Structure formats: structure tokens, C-alpha cells
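# Survey of secondary and tertiary structure
What follows is each chain in one-letter form.
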Amino acid sequence: MIEATSPAAQSRRAARPALEQGRLTWSGLALTVCAVLIYLFLYMPIAILVLFSFTRDQFGVRWTGFTLDWYARLFANERLMGATVNTLYVALLSTFVATVLGTLLAMALERYRFRGRTTVDTLIYLPIVIPEIVMAVALLAFSALAFDLIRLLTGETLRRSLTTVIIGHIAFSVSFVVVVVRTSLKNFDRRLEEAAADLGANGWNVFWRVTFPLILPGIIGGALLAFTLSLDDFIISLFLSGPGTSLLPVEVYNKVRRAVTPEINAISTLMLALSITLVVLSQSVQRRR
Amino acid sequence: MALNALERERQRRERRTLAALLTPGLLWLILFFALPLVIILVYSFMTNGPRGNIVWQFTFGNYIDLFTRSIYVNAYLRSIWISVLTTVICLLLGYPLALFIVRQPPRWRTVLLFLVLIPFWTNFLVRIYAWQIILANNGLINSLLNGLGLPPLALLNTEGATLLGLVYGELPFMVLPIYAALDRFDFTLMEAAADLGASKRRAFWRVMLPMTMPGVAAGSVLVFIPTIGQFVVSELLGGAKVDYLGNLIQRLFLRSNPPNWPLGSAMAMAMMLVLLILILIYFRVTTEEDR
């Protein structure tokens, strides 16, 4: 999503006098000190969290020796493992649907001019700028109303479940996928499609043989973002999951509200490791572009 | 004639493709995003029944409660205040950091930017939780104080802890858009300003800051929006001692017995009103830059 440097900026920077980059000034020094402190601020808590997932201390706030016990306990905790499986299931399914819907929408918005395009644009960007809690209560009210309606019409009683969570996750992920895929469509050389068409490929073939492979990094980038958003989402998951269905962030929240435990430190460390893996993946996909 | 028919056929096919591309995603967003928002807008004008059921009777009562009863007014003002504070502090930390990253040689820049991206992609809950370990009564800071023979401090469950957690959580969202704006900024303009006799400070205020304003505005919006709706940080680090809008909405929908969805919906709508004003300001700031 974020590129380190645009090519234009790179050439401009090369033109900048070399003197300026290496010059040591008071303001430059102040800036460096400031940046180092901010990086410390960003990473110290994370480092402490990881460290204290290996402590023997049963309260998880003191270093009393190394152990892997908490990780072992984690994997023996069926409730947490169940929640992890649920979370992955929700993330995979919602990512798949959101990626397909988002890619189609991005194609429509980037390639066609049509009436109501601005309205569609606004509708797509709204989920990004609306506070998540508003979306969560709206979906909660909607599902309650829909369930009442279904009971009235068919006599069937539905409850909030993983399905309602998946629907909610798709509703906000689609917008993020659209944003990422649109960027890669913008950087796309449309003459390649014209060339393929001139050489006799039909619309279907042009898409699958030319367009799709070229925007694939964008699609994967969007999918990775949707996957992360779903894994990390807590608010919509809290409001839309039913009493019997537990998701990992909700479980962690319920535990954390009570006290710090080394077990939570351990699960947090694992979630952190997963996030880092996903950023690395998404960055390397974008690099290839 | 034949050409005309061919053109018509091509147009028809194009319209069909467009419809196929738009329909699934749009339907989803209308059904599961727009319609739910309309429902809570309607609910916000309805009456709450004795068992927390919706009574379909029109009332302004929820909004009147919201703007007259001190518990709600205070939550409203408190939420706006802490969101403004969080945004300003994130800006004061985020701008220098983004500037620092942009000024590094390319290889370093990638690494430093990556270090901002990691928290951006990391679970918010986990990052907030990390502060509990540090601030708790038996936590890291108090252990250190104890070791030095100093009395312990009550750090967790304070409003200061809430502010700290919010700044910590949202900082990456401020840095990334400012970085993007600074990356596009032509630094030779600063030299031009210096050549023309402007001091460094003046060049910053008159050239660099105005030209990177879209990034500042985008970052501020990205920080402000989640902050005004938050309830997790004030619960985990603030100890739920004082109520913010998010805490009240969550309670009215999920925890109260009986729940009060109409009032909760009205609060959500009132929150959207603040954001609407904010976004209008945002568009003013960014379009002025284009001129």
C-alpha cells in the first residue's frame, strides 16, 4: 500500500546536493534524537511483551527465569485453540469474498465512466472513514431486525454466529481491497490490452492472460490487507459473534480485562509474529511490481 | 448502418460487463452497510420499550437526552477533547519522525519505514495490552521504583494512561500519510527559500508545512476517527473510570439490562455528525492545496 519512494522523488533526491545529506547540524541532530526516542517508544512495549512471554513469573510482569511453559499451556487450551480456528476460518472466507467483490468494483471504477460513479465511489470509501463502532452497532441492529423478519416469514430462528461476523468483515474489507487494487490498475499500461486485442484475443482472454497477471500483485496486496484486518478486528467481532462462538481477539479482550497473565503474553507474541509475517509478505509482493 | 449496429452491439456488451462488475459488490455494500446505517438512523428516533425492545413510536427524546443530560454531554465533550489531544500529540511526534525517515539514504529509508509499518499491521489490542505490563501496579515501572526504594505510582487506570495508549496505538496512522506527502515534497524548495533569505524556521512554516498539508490532514483524520469511537483503550488502560462515547454506546447495546438501542443509535449518529464536520474541513484543507 505504501511505497518507500516514488521514482520521481528518487531522481529529485539524487539531484539534491550531496553536501546537504551528510551535513551535521543541530536541527539534524535534534531530529535524529527525536526519531530514536519515538522508535524506542514504539518498540519498547512490544519487546517487553515478547520477553515476558518467556518468564517463569506467574503474573507475567517480572523476569524470574526462562520457560516455554506458557506456550505449551496455550496449545493445550482447547478454548483458545477453538477461537484461533474460528478466527482463521472467518479471515480466510471473508478475505476471499472481499477480494473478489473488491477487484470487480475496482475494475468498474477504474475502467468505466458511468452515471452515479461518484455516488458509488462515496459508498465504497464510507466504510473506511466511519468509526468501526458505528458500523458494528448498525450491523447488530440490522441482524436483529433481519432475524425477526426471517422468523416471521419462515418460522426459523437464527442467531448471531460466525456467519454474521464474516458478513460484517466483508462489508469493511471490500473498501480496502478496492483502494489497493485501484492503485495497481492506475499504474497499468492499457496499450498491452489493446495489443492483445489486436492480436485477436477476446475480452475474456485479454483479462485472464494480460490484465489479471499484471494486477495480481495489487490483488494479493489487497487480500493480505483484508486478511490482516479480519484477523485483528475486535469491535465488529465482539458485536456480531453469538454467545457460543468465540474469536481470538474477543477471547484475548475478555482475559485482558481481568489481569495480565503470561499466557496472554504468549498468545500476543504469536499474533505479533503472524502480523510481521504478513507485512513482510505484503511488502515483498509490492516490491515485485 | 452495419457499423452503427456493430457499435450498438459493442456498447450493449460493455454495459453488460459493467453491470456484472458492479452488481455483486454494490449489492453487498447496500445491504450490509448502507441499510444497517439507515436502520440505526431510524432507531435513533424510536422509543425504547421496558424490556429493551424497540417501540415504533417517533420521538426526539433520545437526542434531547443526549444534549441535556450531563452524563451524555460530558462523554461527548470528553471524547472530542481526548481525540483532539491524541491527534495533536500524534502530529507533534509523527511529523518529525516522517521527516527523519525521508531524509535518510534510500536503503535506510526502507528499513525505517518498515519499522513503522509493523505496528500498523499489528493487532491493536495486543499493542494496548503491552502497556498493561509496563504500567500495572505490580508492573515493570513500579518494580523498578521498588528496586530503587521509591514508593509505587498509580499509573494504570488513569486518564493519562488512556491518552498514552491512544497516541501509541494511532501514531503509525499519522506517520504514513505525512511520509507520503514529504516524499513528494521537493526539498530544493527549502534551499531556494534559504537563498532568498528565509530562515530555516520561516521556510518550514511558509514552504514545507503548507506543501505537505494534505498529508497532515489525512493523518489527522485517520487518527481522529478511530479515537472518537474508541472504548477499548479507556477500558484496558483507563480502567473504565470515566465514560467516553464508545463506552456508553457499547454499554447501551450490549451490557445494559435492559439495553437501550434507540439511545445508543442516537449517540452513534451524533458521533457521525462530528465526523461529518471534520471531513468537510478536511476537504477544504486539501482542495485549497490544489489551487
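Refer to the preceding data block for the structure.
Just so you know, these numbers come straight off a predicted model, no measurement behind them.

## Describing the overall build of chain B
- Helix and strand counts for chain B stand at 13 helices and two strands.
- Compactness check: chain B gives a C-alpha radius of gyration of 25 Å against a globular reference of 19 Å for 291 residues, more than 25% above the reference.
- Seen through its C-alpha atoms, chain B measures out along the principal axes to roughly 95 × 70 × 35 Å.
- Out of the 291 residues belonging to chain B, those deemed buried represent 44%.
- For chain B, the proportion of contacts with a sequence separation of at least 24, taken over those separated by at least 6, is 70%.

## Side note on the interface of chain A and chain B
- Across the contact, 71 residues belong to chain A and 77 residues belong to chain B.
- A per-element tally of the side of chain A that touches chain B places helix 3 (residues 26-51) of chain A first, with 12 residues.
- When the residues that make up the side of chain A that touches chain B are grouped by side-chain class, the tally is 55 nonpolar, 10 polar and six charged.

## Regarding unusual backbone geometry
Residue and element names in this part refer to chain B.
- Omega for the peptide link from asparagine 257 to proline 258 comes to 0°, which places this bond in the cis form.
- On the secondary structure map, proline 258 appears in the loop between helix 12 (245-255) and helix 13 (261-290).
- Positive phi, normally seen in glycine, also occurs at asparagine 157, with a value near 60°.
- Structurally, asparagine 157 is set in the loop between helix 6 (140-147) and helix 7 (159-184).
- Of note in this structure, alanine 240 is not a glycine but carries a positive phi near 50°.
- Of note, alanine 240 is situated in the loop between helix 11 (232-236) and helix 12.

## A word on helix 12 (residues 248-256) of chain A
- Taking burial as the measure, the nine residues of helix 12 of chain A include seven buried ones, the bulk of the element.
- Taken as a whole, helix 12 of chain A has its buried residues at Leu248, Pro249, Val250, Glu251, Val252, Tyr253 and Val256 of chain A.
- At its buried positions, helix 12 of chain A is contacted by helix 5 (78-111), helix 10 (203-232), helix 11 (235-240) and helix 13 (262-287) of chain A together with helix 5 (124-135) and helix 11 of chain B.

Analysis parameters
In this numbering scheme, every chain counts its residues from 1 along its sequence in written order. Key to labels: chains lettered from A, ligands numbered from 1, both in the order written. Only residues with pLDDT of at least 70 are given local features in this predicted model, and only at 80 or more are side-chain atom pairs given and counted; all residues enter the totals for whole chains, interfaces and linings. In this text, helices come from DSSP runs of H or I with a minimum length of four residues, and strands from runs of E with a minimum of two, each type numbered from the N-terminal end. Each radius of gyration is computed over the set of C-alpha atoms, and the globule rule expresses the reference value as 2.2 Å times the number of residues to the power 0.38. Backbone-placed C-beta atoms define the burial measure: a residue is buried with 20 or more other C-beta atoms within 10 Å of its own, exposed with 12 or fewer, and partly exposed in between. Contact criterion: two residues are in contact if their C-beta atoms, reconstructed from the backbone, are within 7 Å. Residue polarity is assigned by list, with Asp, Glu, Lys and Arg as charged and Ala, Val, Leu, Ile, Met, Phe, Trp, Tyr, Cys and Pro as nonpolar; anything else, Gly included, falls into the polar class.

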